[in-house]
Amino acid sequence: EAGVAQSPRYKIIEKRQSVAFWCNPISGHATLYWYQQILGQGPKLLIQFQNNGVVDDSQLPKDRFSAERLKGVDSTLKIQPAKLEDSAVYLCASSLTPGMNTEAFFGQGTRLTVV
Amino acid sequence: AQTVTQSQPEMSVQEAETVTLSCTYDTSESDYYLFWYKQPPSRQMILVIRQEAYKQQNATENRFSVNFQKAAKSFSLKISDSQLGDAAMYFCAYAGSNFGNEKLTFGTGTRLTIIP
């Protein structure tokens, strides 16, 4: 089966610009996660969707970050305006059902550099 | 809030030897899951092994095994017969068992180098 697809793989933008990342989860997976991984750290959850509803967005900087999952399939994560500290790898993951009874599969991530 | 600590930023091992990566965590929950993920330079996180907290038996997956000490909140990963392909960043992670608390909380990682 196809894995979690993310695009683009790399993105370089100037501070105060906007950027969007796209994620296509594994077919049939109801739960979708966006994680932020700053260099030298472990990934940190930004937002969790169950179908097209938000389960947890407590660590999403809502003044500049937004995410949506229309129709409960693909998802986009947007940053506007970007700051230097947003430089990181953005990982998308999906799982068949909520809960850790099923494995979460990760995409290859998008590396964002803000200059 | 749950926390995960990996105190070894870097480890190295000779090919074919055994290495153990350490992880401790803090939680007030009684039921949860623990994981070890591998992240090669491709950046994709790959699940290596998982452990359910209610199971006393340590999980094993081929050359990978864990030593789960629930009372001590310790969860170490042992890699036997190390291979060049094992070189990567390894992350220990925790997840709760209740709906809305399934997010993975990761440690800071251990970079494993395999010496030929």
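Residues numbered from 1 in each chain as written. Chains lettered and ligands numbered in written order. Predicted model: local features only at pLDDT ≥ 70, side-chain atom pairs only at ≥ 80, totals over all residues. Heavy atoms only, no water.

1. As for the state of the cysteines
Within the structure shown, the criterion is met by 2 disulfides over all chains. Here C23(A) pairs with C92(A) through a disulfide, and the sulfurs are 1.9 Å apart. On the sign convention where negative is left-handed, the bridge of C23(A) and C92(A), at about -70° about the S-S bond, is left-handed. Taken together, the residues span a long stretch of sequence, with C23(A) in strand β3 (residues 19-24) and C92(A) in strand β9 (residues 88-95) at a distance of 69 residues. Just as C23(A) is buried, C92(A) falls in that class too. Through a disulfide, C23(B) is tied to C92(B); the S-S separation comes to 2.0 Å. As the torsion about the S-S bond is roughly -70°, the C23(B)-C92(B) disulfide counts as left-handed. Taken together, the residues span a long stretch of sequence, with C23(B) in the loop between β3 (19-21) and β4 (24-26) and C92(B) in strand β10 (residues 88-96) at a distance of 69 residues. Of the two residues examined, C23(B) and C92(B), each falls in the buried class. (Disulfide = S-S within 2.5 Å. Helix = DSSP H or I, 4+ residues; strand = E, 2+ residues; numbered from the N terminus. Buried < 20%, exposed > 50% of the residue type's maximum accessible area, 1.4 Å probe, protein only.)

2. So, the pattern of salt bridges
Residues and elements named next belong to chain B. What the rule picks out here adds up to 7 salt bridges over all chains. The closest approach of N and O atoms between K73 and D26, which form a salt bridge, is 3.5 Å. In this pair, K73 sits in the loop between β8 (64-69) and β9 (74-79) while D26 sits in strand β4, placing the two residues 47 residues apart along the sequence. By relative accessible area, D26 is classed as partly exposed at 41%. When the shortest N-O distance is used, the salt bridge between E52 and K55 registers 3.9 Å. Classification of E52 by relative accessible area gives buried; the value is 12%. Among the charged side chains, a network of salt bridges with common partners joins R50, E52 and K55. (Salt bridge = Lys/Arg side-chain N within 4 Å of Asp/Glu carboxyl O.)

3. Re the side chain of T110(B)
Residues and elements named next belong to chain B. Inspection of the secondary structure assignment puts T110 in strand β12 (residues 110-115). Note on T110: relative accessible area 0%, which makes it buried. Side-chain polar atoms of T110 contact the side chain of Q6, separated by 3.4 Å. Apart from the residues within four sequence positions on either side, T110 is in contact with Q6, Q8, P9, E10, M11, L21, A88, M89 and Y90. (Polar contact = N/O pair within 3.5 Å; in protein donor to acceptor, adjacent residues only side chain to side chain. Contact = heavy atoms within 4.5 Å.)

4. A short note on the packing of aromatic side chains
In the structure shown here, the tally under the stated rule is 16 aromatic pairs over all chains. Here the aromatic rings of F65(A) and Y90(A) are separated by 6.4 Å at their centres, their planes lie at 40°, and the arrangement is tilted. Within this pair, whereas F65(A) is found in strand β7 (residues 65-68), its partner Y90(A) is found in strand β9, the two being separated by 25 residues in sequence. No difference in accessibility class separates F65(A) from Y90(A), as the two residues are buried. Measuring from ring centre to ring centre gives 5.4 Å for Y25(B) and Y32(B), while their planes differ by 65°; the resulting arrangement is edge-to-face. In this pair, the class of Y25(B) matches that of Y32(B), namely buried. Ring pairs connect the aromatic residues Y33(A), Y35(A), F106(A), Y33(B), F35(B), Y37(B), F91(B) and F106(B), which therefore count as one cluster. Over the aromatic face of Y10(A) sits the side chain of R43(B), whose NZ or CZ is 5.0 Å from the ring centroid. (Phe/Tyr/Trp six-rings, centres within 6.5 Å; stacked < 30°, edge-to-face > 60°. Lys NZ or Arg CZ within 6 Å of the ring centre and 35° of its normal.)

Interpretation in functional terms is not warranted from these geometric data alone.
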